[in-house]
Amino acid sequence: MLKLAAKFFRIVFTGSAFFVFWWGGLFLSWTVLPAIRFRYRADKALGSRRCRALLNRSLRLHADYMRFFRLIDFDSRAMERKLPAGAFVLVANHPSLIDVVLLLSTYPTLFCVVKGKVMRSPFVGRMLRYADHIDAGDGDAASGLAVLQGAVERLRGGDPVLIFPEGTRSPRNELGEFRNGAFAIARLAQVPVVPVHIAVAPPGLMRGMKWYTVPDDTMRYKFQVLPSCSPDSWAGDTPAMAKAVRAMIAGQFPAPLPGASTSST
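The rules behind each value
- Residues numbered from 1 in each chain as written.
- Predicted model: local features only at pLDDT ≥ 70, side-chain atom pairs only at ≥ 80, totals over all residues.
- Heavy atoms only, no water.
- Helix = DSSP H or I, 4+ residues; strand = E, 2+ residues; numbered from the N terminus.
- Rg over C-alpha atoms; globule rule 2.2 N^0.38 Å.
- Buried < 20%, exposed > 50% of the residue type's maximum accessible area, 1.4 Å probe, protein only.
- Contact = heavy atoms within 4.5 Å.
- Areas by Shrake-Rupley, 256 points an atom, 1.4 Å probe, with all protein chains shown as cover.
- Lys, Arg positive; Asp, Glu negative; His and termini not counted.
- Charge placed at Lys NZ, Arg CZ, Asp CG, Glu CD.
- pLDDT = per-residue confidence, 0-100.
- Axes fitted to C-alpha atoms, helices over the stretch in contact; angles between N-to-C directions.
- Parallel < 35°, antiparallel > 145°, perpendicular 65-115°, else oblique.
- Left-handed = near helix turned anticlockwise from the far one by under 90°.
- Nonpolar A, V, L, I, M, F, W, Y, C, P; charged D, E, K, R; others polar.
- Polar contact = N/O pair within 3.5 Å; in protein donor to acceptor, adjacent residues only side chain to side chain.

## Things to note about the overall build of the chain
Reasoning step 1: Within the chain one finds nine helices and seven strands.
Reasoning step 2: By the compact-globule yardstick of 18 Å for 265 residues, the chain fits well, its C-alpha radius of gyration being 19 Å.
Reasoning step 3: With respect to the principal axes defined by its C-alpha atoms, the chain has extents near 60 × 50 × 35 Å.
Reasoning step 4: Buried positions account for 44% of the 265 residues belonging to the chain.
Reasoning step 5: Nonlocal contacts in the chain, meaning residues at least 24 apart in sequence, comprise 72% of its contacts between residues at least 6 apart.
Reasoning step 6: For the chain, the computed accessible surface area is about 13,800 Å², with 60% contributed by carbon and sulfur atoms.
Reasoning step 7: Within the chain, the 19 negative side-chain charges are centred at a point lying 5 Å from the centre of the 34 positive side-chain charges.

## Things to note about the confidence of the model for the chain
Reasoning step 1: Per-residue pLDDT for the chain has a mean of 90; in total, 95% of the residues score no lower than 70.
Reasoning step 2: For residues 257-265, every residue scores under 50 in pLDDT, and the model assigns this stretch seven contacts once sequence neighbours within four places are set aside.

## Brief notes about the packing of helix H8 (residues 181-189) against helix H9 (residues 238-250)
Reasoning step 1: As a packed pair, H8 and H9 sit with axes 9 Å apart at the nearest point and diverge in direction by 120°. Considering the angle they form, H8 stands oblique to H9. Helix-helix and strand crossings are classified by hand; for H8 and H9 the assignment is right-handed. Mapping the contact onto sequence places Phe183, Ala184 and Arg187 in H8 and Thr238, Met241, Ala242 and Val245 in H9.
Reasoning step 2: Across the contact of H8 with H9, the residue classes tally to five nonpolar, one polar and one charged.

## Things to note about the side chain of Ser170
Reasoning step 1: By secondary structure assignment, the location of Ser170 is in the loop between strand S5 (161-163) and H8.
Reasoning step 2: We classify Ser170 as buried; its relative accessible area is 2%.
Reasoning step 3: A distance of 2.7 Å separates the side chain of Ser170 from the side chain of Glu166, its partner in a polar contact.
Reasoning step 4: With residues up to four places along the chain from it excluded, the contact list for Ser170 reads Asn93, His94, Pro95 and Arg207.

## Observations regarding unusual backbone geometry
Reasoning step 1: Residue Pro202 is bonded to the preceding Ala201 through a cis peptide linkage, with omega at -5°.
Reasoning step 2: Here Pro202 shows up in the loop between strand S6 (193-201) and strand S7 (219-225).
Reasoning step 3: Here Leu205, not a glycine, exhibits a phi torsion of approximately 50°, which is positive.
Reasoning step 4: Inspection of the secondary structure puts Leu205 in the loop between S6 and S7.
Reasoning step 5: According to the relative accessible area criterion, Leu205 is buried, its value standing at 10%.
Reasoning step 6: Here Ala235, not a glycine, exhibits a phi torsion of approximately 50°, which is positive.

## Some thoughts on the packing of helix H7 (residues 141-156) against H8
Reasoning step 1: Running from amino to carboxyl end, H7 crosses H8 at an angle of 45°, the nearest separation of the two axes being 9 Å. By the angle between their axes, H7 is oblique relative to H8. H7 and H8 meet at a crossing whose hand is right-handed. Contacts from Val147, Leu148, Ala151, Val152, Leu155 and Arg156 of H7 reach H8 at Ile185, Leu188 and Ala189.
Reasoning step 2: Classifying every residue of the contact of H7 with H8 gives eight nonpolar, no polar and one charged.

And the structure:
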């Protein structure tokens, strides 16, 4: 009975976290962020930077909200930040729906490549655009070129960029194939790639899961920053670099139990 009650409240609090996220995003999109952009209308870059700083502080508060209700066990303030100074491309696996919230709350200078449908969302789309995150569009050639140009521009301006090279959430308890785009961007901008392995246990908010399919316990998140990789080490061979970085991240996954069946990734 106690376990059923605990799960019921975990579902309720998970729903409340989604409610706070979407409606909080709507509030910021139509009140505070437009005021900041208007205040710095003569300096668009500074205005977007201030909007991004406020957005990322808000995401940290949202992560605190989830931690308070024991939905997650993660504190961005206690994270050891082993990232290089200046511009780099951060690539990570993408096991759960809230990875980007936790990454941006931990590393607040990151720009992020965001799915087109999220950028067009009436709740959070304006918020992301005010913060000058990068619209991934609809996956066509023109969108790909816009992402490349936008990411290189931000990197050459000295800012880091977050890209999930799988393009979507990872297969459950696995790692999808890496696309070459993040590595081509790093090569063009001549910046390092910083791989990050994201672990979450027990699994929740994963690909194919409904939001109310909550685990029986608090989801514990851990980020592991792996050694940086220079595009020069692969002499411009971006597919080889993508394969090598994927192998680095895949190497952090726990080994399967003896006799367990595994599917190819």
